[in-house]
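Structure at a glance
As a plain string of letters, each chain reads:
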Amino acid sequence: MISKTLKALLLASALAGAAGGAFAQDIVLRATANSNESDEDYDGLVVFKNYVENASNGQIGVELFIGTQLCAKGDECLAGLADGSIDIYISTSGGAAGLFPYIQVLDLPYLMSDDRVAETVLEGDFTRKLRDMVLEDSDSKIRLMTIGNTGGWRNYANTRKRIAAPADLAGMKMRTVPADLPQTLATTLGAAPTPIPWPELFTSLQTGVVEGTANGITDIMSMKFTDAGVKYLTLDGHSYMGAFWWMGNDRFNSLTDTQKQVVLDGFAALQQATFASPKRKEIQAYADFRAAGGEIYVPSAEEKAAFKAAVDPVFDWFRNNVARGPEVLDLFNAAVAEAQAKVDADRAADLK
């Protein structure tokens, strides 16, 4: 059944738009990303737009709305998909966890070893199974199209000191998104989680409202957090920064089968673009971080094992507190194991 939260949001949206005019008859997909043009999300949308418009011989147009012109928050944007005022939206897990809390599984720490494994998981059946769950839980109103990347891997950055062990996080005021899982993770490691909206994070670091954050290097440098006092970065890579790409299911089903295939292939191209973009951008970002006086620390295998052991309680919390958590965690663990085996076999074959 559709959630009470989504029903309320749809009702509010319907009332607000009751006086609005009819949509144009041309096939124009309205896509929004609450980011900026230096972000991987924008790179993905540009690739999607180019592919879809060309592959459809101009039959399908794509309008990009970068920023908060159409909606500002995850629940608001998802309601827009459900009521048809928005066609495509990208969120982090935190942005959609209010409606689909189990997608936070990607934020669970230290489950995937590297990009090759993560990309293999997200290209496979795990994403399709999540799609089925999302359709079921939204009364077939919201469709998960693909999962890409938005910033590489989460690493610990802060203004105070090098973080080389879980104890180094004790008492540190860490910025988190409002979702439960990142707050639970911070608490488990002894930090003090402080939910801060992304646009307010620079000032919060600068004024000491928070002392640290968990982000990828491209986000850190695009937001110039070094100017706000961030000096230390620990490359523990505790979670993959997944980008969830959503589409209104009614809008998708209004297309012909040929048009649907063009859109699906467009999302496949988008996914590949977002996989590649952080890898390229992080080269300059790391150089800029060092040039700004930042210290980059890579934990040893033993230190990383200590971090992994310290977060064990988070997995119990996820199973016991997140709706459909056990089901999704089992699916994810199986997908990761299968992907790791495939990548390992490919590596062994290429070494012959």
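Conventions used here
- Residues numbered from 1 in each chain as written.
- Predicted model: local features only at pLDDT ≥ 70, side-chain atom pairs only at ≥ 80, totals over all residues.
- Heavy atoms only, no water.
- Helix = DSSP H or I, 4+ residues; strand = E, 2+ residues; numbered from the N terminus.
- Buried < 20%, exposed > 50% of the residue type's maximum accessible area, 1.4 Å probe, protein only.
- Contact = heavy atoms within 4.5 Å.
- Pairing = 2+ DSSP bridges.
- Right-handed = clockwise from strand over helix to strand, strands pointing away.
- Salt bridge = Lys/Arg side-chain N within 4 Å of Asp/Glu carboxyl O.
- Disulfide = S-S within 2.5 Å.
- pLDDT = per-residue confidence, 0-100.
- Core = buried A, V, L, I, M, F, W, Y, C linked by side-chain atoms within 4.5 Å.
- Expected span 1.5 Å × (residues − 1).
- Phe/Tyr/Trp six-rings, centres within 6.5 Å; stacked < 30°, edge-to-face > 60°.

Let's talk about the environment of Phe202
Positionally, Phe202 belongs in helix α8 (residues 201–207). You can call Phe202 partly exposed: its relative accessible area is 23%. As a C-alpha pair, Phe202 and Ala334 span 132 residues in sequence and 38 Å in three-dimensional space. The residues touching Phe202, leaving out its near neighbours within four places in the chain, are Met223, Lys224, Phe225, Asp227 and Ala228.

Overview of the pairing of strand β5 (residues 173–176)
Relative to strand β6 (residues 192–195), β5 runs parallel, the two being bridged by four bridges. Along β6, the bridge assignment pairs Lys173 with Ala192. With helix α7 (residues 180–188) bridging β5 and its parallel neighbour β6, the resulting β-α-β unit is right-handed.

What to know about the pattern of salt bridges
Oppositely charged side chains can form a pair if their charged atoms are brought close together. Within the structure shown, the criterion is met by 15 salt bridges. Close ionic contact of Glu53 with Lys49 constitutes a salt bridge, the shortest N to O distance being 2.8 Å. One end of the pair is Glu53 and the other is Lys49, both in helix α2 (residues 40–55) and four residues apart, which spans about a single turn. Overall, Lys49 belongs to the partly exposed group, its relative accessible area being 27%. Several salt bridges converge on common partners, so that one network encompasses Glu136, Asp137, Arg324 and Glu327.

Regarding the state of the cysteines
In total, this model carries one disulfide according to the counting rule given. Two residues, Cys71 and Cys77, share a disulfide whose sulfurs are 2.0 Å apart. Handedness of the Cys71-Cys77 disulfide follows from its S-S torsion of about 105 degrees: it is right-handed. Across this residue pair, the class does not change: Cys71 and Cys77 are buried.

Some points on the confidence of the model for the protein chain
Mean pLDDT over the protein chain stands at 92; residues scoring 70 or higher make up 93%. Across residues 11–25 the pLDDT falls below 50, and counting only partners more than four positions away or on other chains, this stretch makes three contacts in the model.

Looking at the nonpolar core
Judged by nonpolar contacts, the single largest core of 58 residues is most densely connected at Phe100, Val121 and Trp246. Counting only elements with at least two residues in this core, the list comes to α3 (74–83), α5 (115–122), α6 (125–137), β4 (142–158), α7, β8 (232–248), α13 (312–321) and α14 (325–351). The leading source of residues in this core is α14, at seven residues. Core analysis: the second largest hydrophobic core is formed by 22 residues, Phe48, Ala243, Trp245 and Phe252 among them.

Regarding α14
The end-to-end C-alpha separation of α14 is 38 Å, in line with the 39 Å expected for 27 residues at 1.5 Å each. Along its buried surface, α14 packs onto α5, α6 and α13.

Focus: the packing of aromatic side chains
Using the criterion set out here, one finds seven aromatic pairs in the structure. A ring pair is formed by Phe100 and Tyr102, whose centres lie 6.4 Å apart and whose planes are at 50 degrees; its orientation type is tilted. Of the two residues, Phe100 and Tyr102, neither departs from the other in class, the shared state being buried. A ring pair is formed by Trp198 and Phe225, whose centres lie 5.5 Å apart and whose planes are at 70 degrees; its orientation type is edge-to-face. With Trp198 in the loop between β6 and α8 and Phe225 in the loop between α9 (217–222) and β8, the pair connects residues that are 27 residues apart, well separated along the chain. A relative accessible area of 0% means that Phe225 is categorised as buried.

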